[in-house]
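Listed below, chain by chain, are the residues.
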Amino acid sequence: MKIYEVRASRALTPSGLPEYDYALNPYVGCLHGCLYCYAMDFTRGPPAAAWGEVVYVKVNLLELLRREVRRVRPGVVGISTITDPYQPPEARYKLTRGAVEMLAQAGFHVSIQTKSGMVTRDLDLLTRHRHAVDVGITITTLRDKARILEPHAAHPLARARAAEKLASAGIKVWIFLGPVIPSFNDGAQDLAEVIRLARRIGAEVIYDRYRPKPRADAHLAAGYRPVKPTAEWWSQVKKTVERICAEEGAACLDAEEEWRKARLRRAGR
């Protein structure tokens, strides 16, 4: 893996996701190297071309953010939308930790999403600002086969332990069950294991389908197999998810429906 230090021109950017007002990405590229990741199609240069092998670290991020939080209207910040905020370089640079603290103190709400157990390193910070943070842990399956598509991410059982630890500390935790990929993690047993985990720790499940993108499609085809997520397939998977959620008494939300609601709320401002 190769890590390069770069200087950014801004820390906060307007978010393209309707549930967030701003996005903050401390890193460019991601060393987890997940074969299905849509982020590689929205990333330029070596971090995209050598996905999972190259990452840029925005070494002046906190300096920029310190100025920006004084100028912009407080809102909801997504950390991170096209990278993982707790990938290996975070152990040294602590950009995510610094950003969360700065944003929470300035009156922003911070929504974190990660596949890393390193998030528990910041348990003290997240507990102190629990009113201003929520943490999403991505778990596509709890089985060892996760390594096929998520070669360098934490094992899903480590993520499950991290989610449980955060939830036990009173932090709002949600499980992102996605992407659901045809013939990989769309079976009732895979889905049920993740949903039961969420119910046990009192976390919501946000579930979503794989959304084809050129680069991600190519990576999936080369490292796993070509996939074709049809509307009919997803309709059946949704019914399975909803049935399991009802049987388990778990709170489950369809990501697409939540995005539509968020867009409507934003339009009504």
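Refer to the structure printed above.
Throughout this document, residue positions are counted from 1 along each chain, in the order its sequence is written. A pLDDT threshold of at least 70 governs which residues receive local features in this predicted model, and a stricter bar of 80 or more applies before side-chain atom pairs are shown or counted, although totals over entire chains, interfaces and linings include all residues. Note that the side-chain values use all heavy atoms of the structure and ignore hydrogens as well as water.

J.: Help me understand the state of the cysteines, please; the structure alone is not making it clear to me.
T.: Disulfides are covalent bonds that link the sulfur atoms of two cysteine residues. Disulfide: a pair of cysteine sulfur atoms within 2.5 Å of each other. Per the stated rule, a full pass over the model turns up one disulfide. Between the sulfur atoms of cysteine 245 and its disulfide mate cysteine 252 the distance is 2.0 Å. Where cysteine 245 bonds to cysteine 252 through sulfur, the torsion about that S-S bond is close to -90°, and the disulfide is left-handed. To sort residues, take the accessible area from a 1.4 Å probe on protein chains only and compare it with the maximum for the residue type: under 20% means buried, over 50% means exposed, and anything in between is partly exposed. Given the relative accessible area of 6%, cysteine 245 is considered buried. The exposure class of cysteine 252 is partly exposed, given its relative accessible area of 22%.

J.: Just checking my understanding: could you explain the pattern of salt bridges for this structure?
T.: In a structure, side chains of opposite charge can pair up when their charged atoms sit close to one another. The term salt bridge refers to a side-chain nitrogen of Lys or Arg lying within 4 Å of a carboxyl oxygen of Asp or Glu. As enumerated under the stated definition, the model contains 22 salt bridges in all. Ionic pairing is found between arginine 199 and glutamate 248, a salt bridge with its closest N-O pair at 2.9 Å. Of the two residues, arginine 199 sits in helix α8 (residues 188-201) while glutamate 248 sits in helix α10 (residues 231-248), which places them 49 residues apart along the sequence. Here arginine 211 and aspartate 208 are joined by a salt bridge, their closest N and O atoms 2.6 Å apart. A run of DSSP states H or I qualifies as a helix once it reaches four residues; a run of E qualifies as a strand once it reaches two. Both are numbered from the N-terminal end.

J.: Any chance you could explain helix α7 (residues 156-168) here in plain terms?
T.: Owing to its 3.6 residues per turn, the α-helix brings residues three or four apart onto one side. The span one expects for a helix is its residue count, reduced by one, times 1.5 Å. With 13 residues, α7 extends 18 Å from end C-alpha to end C-alpha; this agrees with the ideal 18 Å at 1.5 Å per step. Listed as buried for α7 are Pro156, Arg159, Ala160, Ala162, Ala163 and Leu166. All buried residues of α7 project into a common sector of 160° when viewed along the axis, lining one side. Projecting away from the buried face of α7 at angles above 90 degrees are the exposed residues Arg161 and Ser168. Contact partners of the buried residues in α7: α5 (123-128), β8 (133-138), α6 (146-149), β9 (172-180) and α8. Downstream of α7 by a residue or two, glycine 170 has a phi angle that is positive, lying close to 85°. Arc definition: it is the arc formed by the directions from the helix axis to the C-beta atoms. Pairs of residues are marked as contacts when any of their non-hydrogen atoms sit within 4.5 Å.

J.: Explanation requested: the nonpolar core in the structure shown.
T.: Nonpolar side chains tend to gather and get buried jointly when the protein is soluble and globular. Ranked by internal contacts, the top residues of the largest apolar core, which has 61 residues, are Leu24, Leu65, Leu103, Leu126 and Leu166. With seven residues, the single largest contributor to this core is α8. The contacts of leucine 126, once residues within four sequence positions are left out, are Val100, Ile112, Val119, Val133, Val135, Leu166 and Ile171. Among buried residues, those of type Ala, Val, Leu, Ile, Met, Phe, Trp, Tyr and Cys that are joined through side-chain atoms within 4.5 Å constitute a nonpolar core. Residues Cys30, Leu35, Trp51 and Ala216 belong to the second largest nonpolar core, which totals 16 residues.

J.: Explanation requested: the packing of helix α2 (residues 61-71) against helix α4 (residues 95-105) in the structure shown.
T.: When two helices pack together, you describe them by how their axes are tilted relative to each other and by the distance separating the axes. Here an angle of 0 to 180 degrees is reported between the N-to-C directions of two axes, which are lines fitted to C-alpha atoms, with helices fitted over the stretch in contact. The geometry of α2 relative to α4 is characterised by a closest axis approach of 10 Å and an angle of 10° between their N-to-C directions. Judged by the inter-axis angle, α2 sits roughly parallel to α4. When α2 is examined against α4, the residues Leu61, Leu62, Leu65, Arg66 and Val69 are found in contact with a partner set consisting of Leu95, Gly98, Ala99, Met102 and Leu103. The residue classification treats Ala, Val, Leu, Ile, Met, Phe, Trp, Tyr, Cys and Pro as nonpolar and Asp, Glu, Lys and Arg as charged. All others, Gly included, are polar. Here the contact of α2 with α4 is composed, by residue class, of eight nonpolar, one polar and one charged. Under this scheme an angle from 65 to 115 degrees is roughly perpendicular, one under 35 degrees roughly parallel, and one over 145 degrees roughly antiparallel; angles in between are oblique.

J.: When you look at the environment of glutamate 150 in this model, what are you seeing that I'm missing?
T.: Examined against the element boundaries, glutamate 150 turns out to sit in the loop between α6 and α7. For the pair glutamate 150 and cysteine 34, spaced 116 residues apart in sequence, the C-alpha to C-alpha distance is 4.3 Å. In contact with glutamate 150, other than residues within four places in its own chain, are His32, Cys34, Tyr36, Lys115, Thr140 and Arg159.

J.: In this structure, what is going on with the sheet that holds strand β7 (residues 109-114)? I would like to understand it.
T.: Sheet strands associate in pairs through backbone hydrogen bonding, adopting either a parallel or an antiparallel arrangement. Taking strand neighbours across the sheet as the criterion, the eight strands line up as β2-β3-β6-β7-β8-β9-β10-β11 in an open arrangement whose pairing is mixed. Both outer strands of the open sheet, β2 (12-14) and β11 (252-254), are each paired with one neighbouring strand and no more. Here the average twist between neighbouring strands, direction ignored, is 25°. Strands are labelled as partners when DSSP assigns at least two bridges between them.

J.: Even after reading the chapter, I still don't get the packing of α8 against α10, so can you show me in this structure?
T.: Packing of α8 against α10 brings their axes to within 10 Å, and their N-to-C directions diverge by 40°. Considered as vectors, α8 and α10 are oriented oblique to each other. Like other packed secondary-structure pairs, α8 and α10 cross with a definite hand, here right-handed. For the pair α8 and α10, the contacting residues are Ala188, Leu191, Ala192, Ile195, Arg196 and Arg199 in the first and Val237, Thr240, Val241, Arg243, Ile244, Cys245 and Glu248 in the second. Along the lines of polarity and charge, the residues of the contact of α8 with α10 split into eight nonpolar, one polar and four charged. By definition, turning the near helix anticlockwise from the far helix through less than a right angle yields a left-handed crossing, and turning it clockwise yields a right-handed one.

J.: Got a minute to help me understand the pairing of β7 in this structure?
T.: Regular strands show a simple pattern: their side chains alternate between the two faces of the sheet. As defined by bridge partners, strand β6 (residues 76-79) adjoins β7 across four bridges and the pair is classed as parallel. Looking at the pairing, valine 77 lines up with valine 110 of β7. Relative to β8, β7 runs parallel, the two being bridged by five bridges. If you follow glutamine 113 over to β8, its bridge partner there is glycine 136. Classification remark: right-handed applies to a crossover when, strands pointing away from the viewer, the course from the first strand over the helix to the second runs clockwise. The parallel pair β7 and β8, bridged by α5, forms a crossover whose chirality is right-handed.

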